[in-house]
Amino acid sequence: TATGISSIVRSVYMMLITPCFAFATTTNTVVSRIIGEGRADEVHSAILKILKNCLYCTIPIMILVSIFPLQMARIYTDDLNLAQLVIPSIYVICLGTIFQGIGNAYFEAVSGTGNTSAALYLESIILVIYVLFIVAMTNLTTKVEWVWTAEILYGVLLGIFCSLYMRYAKWDKKQI
């Protein structure tokens with residue numbers, strides 16, 4: 001049953017998170033272009049504009065999914081019991097979408113500065129924490145929605161670490 005729940009949740013999550021990935025990729029391109037044009041002082045405001053647009057795009061979809069979670073799950077299964085078991089995880093991924101949107105945008109901003117080794121280092125640390133969290137959750141609980149909270153953790157950590165990098169690192173002095 002856990003595999004069935006997660007399969008449905010993953011499909012719904014991909015629908016929710018795809019616009020976030022598009023805005024994150026845009027962040028990479030815009031940050032790189034702004035730096036290339038010698039306007040590094042505009043990077044932070046550009047990131048915030050992209051994040052605002054990302055949230056304007058994803059929050060309405062997320063609200064609809066949150067209002068109609070059973071109907072969303074029923075798209076993927078005719079089993080009413082399975083569809084009802086999916087609902088708590090749908091709420092978790094709706095929340096995770098917000099944090100993933102922010103975290104991925106900041107991660108792509110780090111990449112857009114040209115310091116791909118910093119991006120790799122930051123994401124490697126976060127991925128280790130993410131995997132350890134998933135292992136812990138799968139051993140501590142049988143509730144699938146608790147395992148899916150890993151997406152919230154990943155987005156939060158990515159957002160915190162990468163925004164700190166963008167705020168305090170000397171990325172604007174890096175020569176490529």
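So, here is what we can say about the structure in this document. It should be emphasised that the depicted structure is a prediction, and the values quoted were computed from it without experimental measurement. (Residues numbered from 1 in each chain as written. Predicted model: local features only at pLDDT ≥ 70, side-chain atom pairs only at ≥ 80, totals over all residues. Heavy atoms only, no water.)

Moving on: the overall build of the protein. On a plain count of helices and strands, the protein comes out with six helices and zero strands. Each helix (α) and strand (β) of the protein, taken in turn from the N terminus, gives the series α-α-α-α-α-α. Reported as C-alpha extents along the three principal axes, the dimensions of the protein are approximately 55 × 35 × 20 Å. In the protein, once contacts between residues fewer than 6 apart in sequence are set aside, the share between residues at least 24 apart is 77%. Of the accessible surface of the protein, which amounts to about 9,300 Å², a share of 65% is contributed by carbon and sulfur atoms. (Helix = DSSP H or I, 4+ residues; strand = E, 2+ residues; numbered from the N terminus. Contact = heavy atoms within 4.5 Å. Areas by Shrake-Rupley, 256 points an atom, 1.4 Å probe, with all protein chains shown as cover.)

Right, let's get into the packing of helix H4 (residues 80-112) against helix H5 (residues 116-140). Packing of H4 against H5 brings their axes to within 7 Å, and their N-to-C directions diverge by 150 degrees. Here H4 lies roughly antiparallel to H5, going by the angle between them. Two packed elements cross with a definite hand, and for H4 against H5 that hand is right-handed. Taken together, the residues of H5 that come into contact with H4 (itself represented by Phe-107, Val-110 and Ser-111) are Ala-118, Ala-119, Leu-122 and Glu-123. Here the residues of the contact of H4 with H5 are counted per class, giving five nonpolar, one polar and one charged. (Axes fitted to C-alpha atoms, helices over the stretch in contact; angles between N-to-C directions. Parallel < 35°, antiparallel > 145°, perpendicular 65-115°, else oblique. Left-handed = near helix turned anticlockwise from the far one by under 90°. Nonpolar A, V, L, I, M, F, W, Y, C, P; charged D, E, K, R; others polar.)

All right, on to the environment of Ala-150 then. Of note, Ala-150 is situated in helix H6 (residues 144-168). Owing to a relative accessible area of 1%, Ala-150 belongs among the buried residues under this scheme. Not counting the four nearest positions on each side in its chain, Ala-150 is found in contact with Tyr-130, Phe-133 and Ile-134. (Buried < 20%, exposed > 50% of the residue type's maximum accessible area, 1.4 Å probe, protein only.)

Turning to helix H3 (residues 69-76), its buried residues are Pro-69, Met-72 and Ala-73. Along the axis of H3, the buried positions cluster into a sector of 95 degrees, meaning they face one direction only. Contact partners of the buried residues in H3: helix H1 (2-36), helix H2 (43-67) and H4. (Arc of directions from axis to C-beta.)

What follows covers the pattern of salt bridges. Summed over the entire model, instances satisfying the criterion amount to three salt bridges. Put simply, Glu-37 and Arg-33 hold a salt bridge, and the shortest N to O gap is 3.3 Å. Close ionic contact of Arg-39 with Glu-42 constitutes a salt bridge, the shortest N to O distance being 2.4 Å. Glu-42 sits in the partly exposed class, given a relative accessible area of 29%. (Salt bridge = Lys/Arg side-chain N within 4 Å of Asp/Glu carboxyl O.)

As for its placement among the helices and strands, Asn-28 is situated in helix H1. Once the C-alpha coordinates of Asn-28 and Leu-164 are considered, the two residues, 136 residues apart in sequence, prove to be 16 Å apart. Excluding residues within four positions of it along the chain, Asn-28 makes contact with Glu-108, Ser-111 and Gly-112.

Geometry only, nothing functional implied.
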